[in-house]
Amino acid sequence: MSTTMTMAAALNAALRDSLEADEDVLLIGEDIGTLGGVFRITDGLKERFGASRVIDSPLAESGIIGTSVGMAYRGMRPVSEIQFDGFVYPGFDQIVAQVARLHYRTSGTVQMPLTIRIPFGGGIGAVEHHSESPEAYFAHTPGLRVVTVADPQDAYSTMRAAIECDDPVIVLEPKRRYWSKGEVDTSVSAELSSARVLRTGRDATLVAYGPLVVTALEAAVAAEDDGIDLEVIDLRSLSPLDRDTVAASVRRTGRLVVAHEAPGNVSLSSEVITSAVEDCFAHLEAAPERVTGYDIPYPPGALEDHYLPGIDRILDAVDRTLGRRNSREAA
Amino acid sequence: MLTTPSAPDHDLVAGLDKPLHVLREDGTRRPDPILDPLLRDVDLELLRGLYLDMAVVRAIDDEAVALQRQGELGLWPPLRGQEAAQIGLGRSLQETDFLFTSYRENALAWCRGVSPGEMLSVWRGTTLSGWDPFAHHMATPQVIIGAQTHHAVGYAMATQAQGKDDIAVTCFGDGALSQGDTNEAMVFAASFHAPVLFFCQNNHYAISEPVDVQANVPIALRPTGFGIPSLRVDGNDVLAVRAASLLAAQHIRAGKGPMFIEAVTYRLGPHTTSDDPTRYRDEKELERWRRRCPLGRLERHLEQLGASLEELRADAERRSQEATTAMQEAVAALPSPAPETMFDNVLATEHPGLLRQREQFRAFTASLAPEQTEGSAA
């Protein structure tokens, strides 16, 4: 049943199958119809489902989200595409002041089953506003689910689950992994709010999500050379947070490293580490560490390799938790 | 391929030089070639109904202000002066046409059968949303200026896709004209020929800012730049507003795309009960608009048609009494929400973190309860 495909193709298949399965599902966004999206995620869908279900919208992000809200009032399940992470801010008010609150505001009468797709993260040498990681703004907002995907199977199953969910779900797609390939079985379903342990290990827990899941797995392989056995968790859901999966792992390993591309200040790593300290303080053998983007605006493309957490920075943090020689102090 | 549409027709907008009106200040009927065809059904009964609506709504509005002054409500946004604009619209729509309004449209809520308790609960702070939007075909008041315009357009696009003939109507004030959302919504509506009516009550002030800060041309001119036909109508002439709304709804229902109405009116009261309008507008201007009271104009018209004003006023008084008594009773009966309910409905599905916080809140609240020890009772 499974086929090898890219993450982009898996997302395309998920959207196609969702449109096929439920006539209330529709897609709306900039350039998603005739062009098939700037990343071709919606390629061929307008031809197949028509212009009223795959809507090329005016260039107005607040309009894309706000119009989707109105459609949801009428019983539709809009999947809105924000073309790039850095373009979401004009739509921020509609997301945090309307989408996130209407169910709460109306005591559950009005549901907002919107899916908001946002390609996010860096690593593609892009110009400004095309490499951002805005997840903390949304994870901070009550009333939204925020999920990330990490591989083609996860992308397919999570997108299907997001569209079927009666809550608004922001799906962050790691754009630099769009062309990575993997096996996809379209009959596999996903739970939206669970983290997953991708690799078990004894020495430290390494938590990542989105584009850094691949990096974290590569770091774990590299660590083997030093005899370090890393457990790798893909957080997947950024809100709600699956703190139980993280805590269970930290209770076994006693050490925690969290990695993401977004700046560290008031970020997902702040929250994951706080949760672990609250949930299993007594099991921690060392202070938790994080490897994040620096607290600067996303730098020019020529500098992004220095900004983005890579294998070496992750292993350096692992060394710190293990009291091994590292960049900040000799063992 | 030609990708640029031709310039919009110059006839896109009517009433620019002087807002369309069919009732003169003295109550006499004035012929109007645009609106007259929509007024053929007007008879004494209909006029009486419009008058009673406006009178009752004014009483409701005054009573809400009084309830706020008595401390029963936290805040109230008075609509005094805008009765004709709202009743004229409200009494022209089909029951299933869906309204997306701001917070000052309580006369429209009245038209939609919203109960006093439903209307007041938000302002008493017992809920964030007073009524079921689907039961009344009216979304609950939007506080973010202009945000609801998008919702109306999206709703309209969905009804269009479903092949239904009900339309969406969005109400907003002159201040909303400056919001990106309102302008974006007009782009979406025009591009997709959405069956939506943009209804702007130009009440001359956005809190303290006069309308010329938002637009230094008539507001009705703005939508024409989007290709949306527009009517500028005297918002204190209930017949004119009703006719203009019927005309717009006909146009929209016929599949001709969105329309825009600017109802030129005036907010006689403060922005809200927290506002002090004496700081920003002068008494002479206010007096001029008091004399243009929409109820007075219709009264004079009814009198000229031979209706008994005495009877009409007595009827209005009786209905107003009923409504305001119901408000007093409803306010007193509004339940205080149980503290734990603040955790309800954040998501439609389960959220483990919230369950945990609710448990912690419950434990903390329980810990505050005085311990029941023997001999502690007085």
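Just so it is clear, the structure is predicted and the values come from calculations on it, not from any experiment.

Asker: Explain the packing of aromatic side chains to me, please; I cannot follow it from the model alone.
Answerer: Remark: the centre distance and the inter-plane angle together describe each pair of aromatic rings, the angle taken between the planes. Residues and elements named next belong to chain B. If you walk through the whole model with that rule in mind, you get 25 aromatic pairs over all chains. Seen from their ring centres, Phe172 and Phe198 are 6.4 Å apart, and the 70° between their planes marks the pair as edge-to-face. Of the two residues, Phe172 is situated in strand S3 (residues 168-173) and Phe198 in strand S4 (residues 196-202); the sequence distance between them amounts to 26 residues. Neither residue differs from the other here; Phe172 and Phe198 are each classed as buried. Taking 5.6 Å as the distance between ring centres and 45° as the angle between the ring planes, the aromatic pair formed by Tyr205 and Tyr280 counts as tilted.

Asker: Help me understand the interface of chain A and chain B, please; the structure alone is not making it clear to me.
Answerer: Often, the extent of an interface is quoted as the loss of accessible area on bringing the components together. Taken together, the 41 residues of chain A in the interface contact 40 residues of chain B. Here chain A meets chain B over a buried area of about 3,300 Å², counting both sides, of which 62% is carbon and sulfur. It is A:Tyr73, A:Arg74 and A:Tyr104 in chain A that bury the most area against chain B; as a group they hold 24% of the surface buried on that side. Our count for the chain A to chain B interface comes out at 1 salt bridge. When the shortest N-O distance is used, the salt bridge between B:Asp166 and A:Arg74 registers 2.6 Å. One can count 18 residue pairs in polar contact (both at pLDDT 80 or more) joining chain A with chain B. Residue contributions to the side of chain A that touches chain B peak at 10 residues, all from helix H3 (residues 61-73) of chain A. Looking at side-chain class alone, the side of chain A that touches chain B contains 16 nonpolar, 15 polar and 10 charged residues.

Asker: So what exactly am I meant to see when it comes to the nonpolar core here?
Answerer: Ranked by internal contacts, the top residues of the largest apolar core, which has 73 residues, are A:Tyr73, A:Ile95, A:Leu235, B:Val153, B:Val196, B:Phe198 and B:Phe260. Setting aside its immediate chain neighbours within four residues, B:Phe260 contacts B:Phe172, B:Leu177, B:Met186, B:Leu197, B:Phe198, B:Cys200, B:Ile219, B:Pro223, B:Ile228, B:Pro229, B:Ser230 and B:Leu231. B:Ala64, B:Tyr103, B:Leu231 and B:Val238 belong to the second-largest nonpolar core, a separate cluster that totals 69 residues.

Asker: Would you mind showing me how to read the domain arrangement of chain A here?
Answerer: Residues and elements named next belong to chain A. When the domains of chain A are assigned, the result is domain 1 (3-184) and domain 2 (196-321). The C-alpha-based centres of domain 1 and domain 2 are spaced at 26 Å. Across the contact, 27 residues belong to domain 1 and 23 residues belong to domain 2. A combined buried area of about 1,900 Å² lies between domain 1 and domain 2, and 51% of that area is made up of carbon and sulfur atoms. Summed over the three residues of domain 1 that lose the most area to domain 2, namely Thr148, Arg176 and Arg177, the buried surface amounts to 24% of that side.

Asker: Just checking my understanding: could you explain helix H9 (residues 243-253) of chain A for this structure?
Answerer: At 3.6 residues per turn, the α-helix brings residues three or four places apart onto the same side. Turning to H9(A), its buried residues are A:Arg243, A:Val246, A:Ala247, A:Ser249, A:Val250 and A:Thr253. Looking straight down H9(A), one finds its buried side chains confined to an arc of 165°; they lie on one side. Across H9(A) from its buried face, at more than 90 degrees, point the exposed residues A:Asp244 and A:Arg252. Residues of H9(A) that are buried in the fold lie against strand S10 (204-208), strand S11 (230-234), strand S13 (256-263) and helix H10 (268-280) of chain A together with helix H13 (352-368) of chain B. Positioned one or two residues after H9(A), A:Gly254 has a phi angle of 80°, which is positive.

Asker: Quick question: what am I supposed to make of the sheet that holds S10(A) here?
Answerer: Sheet strands pair by backbone hydrogen bonding; their relative direction is either parallel or antiparallel. Residue and element names in this part refer to chain A. With mixed pairing, the 5 strands of this open sheet are ordered in space as S9-S11-S10-S13-S14. Of all strands in the sheet, those with a lone pairing partner are strand S9 (196-199) and strand S14 (289-293), marking the two edges. Here the strands of the sheet are splayed against their neighbours by 25° on average, with no regard to which way each runs. Contacts from helix H8 (residues 212-224) reach S9, S10, S11 and S13, with the element oriented near 175° to S11. Where H9 meets the sheet, its contacts fall on S9, S10, S11 and S13, and the angle it forms with S11 comes to roughly 175°.

Asker: Could you clarify how one ought to interpret the sheet that holds strand S8 (residues 259-264) of chain B in this entry?
Answerer: Residues and elements named next belong to chain B. A sheet is described by the order of its strands in space; here 6 strands give the open sequence S1-S7-S8-S4-S3-S2, paired in parallel fashion. The open sheet has two edge strands with one neighbour each: strand S1 (13-14) and strand S2 (98-100). With 2 bridges joining them, S1 and strand S7 (residues 230-234) adopt parallel strand pairing. Looking across to S7, one finds that Ala14 is bridged to Leu231. Packed onto the sheet, helix H7 (residues 180-191) meets S3, S4 and S8 and runs at close to 150° relative to S4.

Rules behind the numbers
Residues numbered from 1 in each chain as written. Chains lettered and ligands numbered in written order. Predicted model: local features only at pLDDT ≥ 70, side-chain atom pairs only at ≥ 80, totals over all residues. Heavy atoms only, no water. Phe/Tyr/Trp six-rings, centres within 6.5 Å; stacked < 30°, edge-to-face > 60°. Helix = DSSP H or I, 4+ residues; strand = E, 2+ residues; numbered from the N terminus. Buried < 20%, exposed > 50% of the residue type's maximum accessible area, 1.4 Å probe, protein only. Contact = heavy atoms within 4.5 Å. Buried area = accessible area lost by both parts, 1.4 Å probe. Salt bridge = Lys/Arg side-chain N within 4 Å of Asp/Glu carboxyl O. Polar contact = N/O pair within 3.5 Å; in protein donor to acceptor, adjacent residues only side chain to side chain. Nonpolar A, V, L, I, M, F, W, Y, C, P; charged D, E, K, R; others polar. Core = buried A, V, L, I, M, F, W, Y, C linked by side-chain atoms within 4.5 Å. Domains from an automatic or database assignment. Arc of directions from axis to C-beta. Pairing = 2+ DSSP bridges. Axes fitted to C-alpha atoms, helices over the stretch in contact; angles between N-to-C directions.

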